[in-house]
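Structural description and commentary
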Amino acid sequence: TNNSESSTTLRIFGKLLTWMTERNEMVFLYCTANNVDAIPPELLRAGRLDSVWWGDLPSIEDCEEIFRIHCKLNEIKLYDNEYFELGFAAYGYKMTGAEIEHAIIQSSYKAANQSKLIKKEILVNKEILDGIIHDIRPYAISNAEILKKNRLLALNKFEFTSSQAKILAEKTTLDYEAVQSEFKEPD
């Protein structure tokens, strides 16, 4: 980041900390971060946040439900089995909920563009969504090292939103330890 971005971030962060300290009313504050290692320690100290939770990538069932919700919001109708197939694909590609939502929105644009090109109405269908899913480079792939580091931190510092999130963090730790022992210098 450049200096102006850094000073803006610090100023906003300072205002948030002041507000958290001076507020009198009961407030539920919900924050998210892609890189928990970058969260300033002042925010994580006792008395600031009551608890910190780690939520990992969505399960297959979660992915399917995210497709159902966002397809309904975008007036896209699919067959029941297609929601499962898309959820399975999104899970396999390690997509976040936001990436699934983005794929649905992009598929609407693509369908509208195709319908203009051939002057025939084309509705969003599973094939269009499949194509969009394949084009997205998921955060979990492009930032695999950050995700791994976040999972390792979560095991030591955070509570888990689901048993699946904890299992993924534990698996990351086991994989990390196996790699470390494999490349350990001989005595």
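Look a little higher up for the structure.
Here's a quick rundown of the structure. Being a predicted model, the structure only gives us computed values, none of them experimental.

1. A few points about the environment of Asn 150
Following the sequence through the fold, Asn 150 ends up in helix H8 (residues 144–157). Take Asn 150: its relative accessible area is 1%, and that puts it in the buried class. Asn 150 sits 94 residues away from Asp 56 along the chain, and the two C-alpha atoms are 9.5 Å apart. Not counting residues within four places of it along the chain, the set of residues in contact with Asn 150 comprises Asn 34, Asn 35, Val 36, Asp 37 and Trp 54.

2. Remarks on H8
A rise of 1.5 Å per residue sets the reference length of H8, with its 14 residues, at 20 Å; its end C-alpha atoms lie 20 Å apart and thus fit the reference within 8%. All buried positions along H8 are accounted for by Leu 147, Asn 150, Arg 151, Leu 153 and Ala 154. Looking straight down H8, one finds that the buried residues subtend no more than 170 degrees of arc, so they occupy a single side. Opposite the buried face of H8, by more than 90 degrees, sit the exposed residues Glu 145 and Asn 156.

3. Focus on the packing of helix H4 (residues 80–92) against helix H6 (residues 126–135)
Contact pair H4 / H6: the axes reach a minimum separation of 11 Å and the direction vectors enclose 5 degrees. As the angle between them shows, H4 and H6 are arranged roughly parallel. Seen from H4, the contacting residues are Glu 82, Glu 85 and Leu 86; seen from H6, they are Lys 126, Leu 129, Asp 130 and Ile 133.

4. Structural notes on a nonpolar patch on the surface
Residues Trp 19, Val 27 and Leu 29 make up a contiguous nonpolar surface patch of about 220 Å² in total accessible area. For Trp 19, the position within the fold is in helix H1 (residues 3–22).

5. Considering unusual backbone geometry
For Glu 75, which is not a glycine, the phi torsion comes out positive at approximately 55 degrees. Mapped onto the elements, Glu 75 comes out in the loop between helix H3 (60–73) and H4. Not every positive phi belongs to a glycine, and Lys 94 is a case in point at roughly 60 degrees. One can find Lys 94 in the loop between H4 and helix H5 (97–118). Judged by its relative accessible area of 40%, Lys 94 is partly exposed.

6. Considering the environment of Gly 131
For Gly 131, the position within the fold is in helix H6. On a C-alpha basis, the gap between Gly 131 and Ser 107 in space is 8.6 Å, while along the polypeptide they are 24 residues apart.

7. A short note on the nonpolar core
Core analysis: the biggest nonpolar cluster contains 20 residues, and Phe 67, Cys 71, Leu 78, Met 95, Ile 100, Ile 104 and Leu 129 have the highest contact counts within it. For this core, the secondary-structure elements that each account for two or more residues are H3, H4, H5 and H6. Once residues within four sequence positions are removed from consideration, Ile 104 is found in contact with Ile 66, Phe 67, His 70, Cys 71, Asn 74, Ile 76 and Leu 129.

Here is what the cut-offs are and how they apply
Residues numbered from 1 in each chain as written. Predicted model: local features only at pLDDT ≥ 70, side-chain atom pairs only at ≥ 80, totals over all residues. Heavy atoms only, no water. Helix = DSSP H or I, 4+ residues; strand = E, 2+ residues; numbered from the N terminus. Buried < 20%, exposed > 50% of the residue type's maximum accessible area, 1.4 Å probe, protein only. Contact = heavy atoms within 4.5 Å. Expected span 1.5 Å × (residues − 1). Arc of directions from axis to C-beta. Axes fitted to C-alpha atoms, helices over the stretch in contact; angles between N-to-C directions. Parallel < 35°, antiparallel > 145°, perpendicular 65-115°, else oblique. Patch = residues over 30% accessible without salt bridge, like charges linked within 9 Å, V, L, I, M, F, W, Y side chains within 5 Å. Areas by Shrake-Rupley, 256 points an atom, 1.4 Å probe, with all protein chains shown as cover. Salt bridge = Lys/Arg side-chain N within 4 Å of Asp/Glu carboxyl O. Core = buried A, V, L, I, M, F, W, Y, C linked by side-chain atoms within 4.5 Å.

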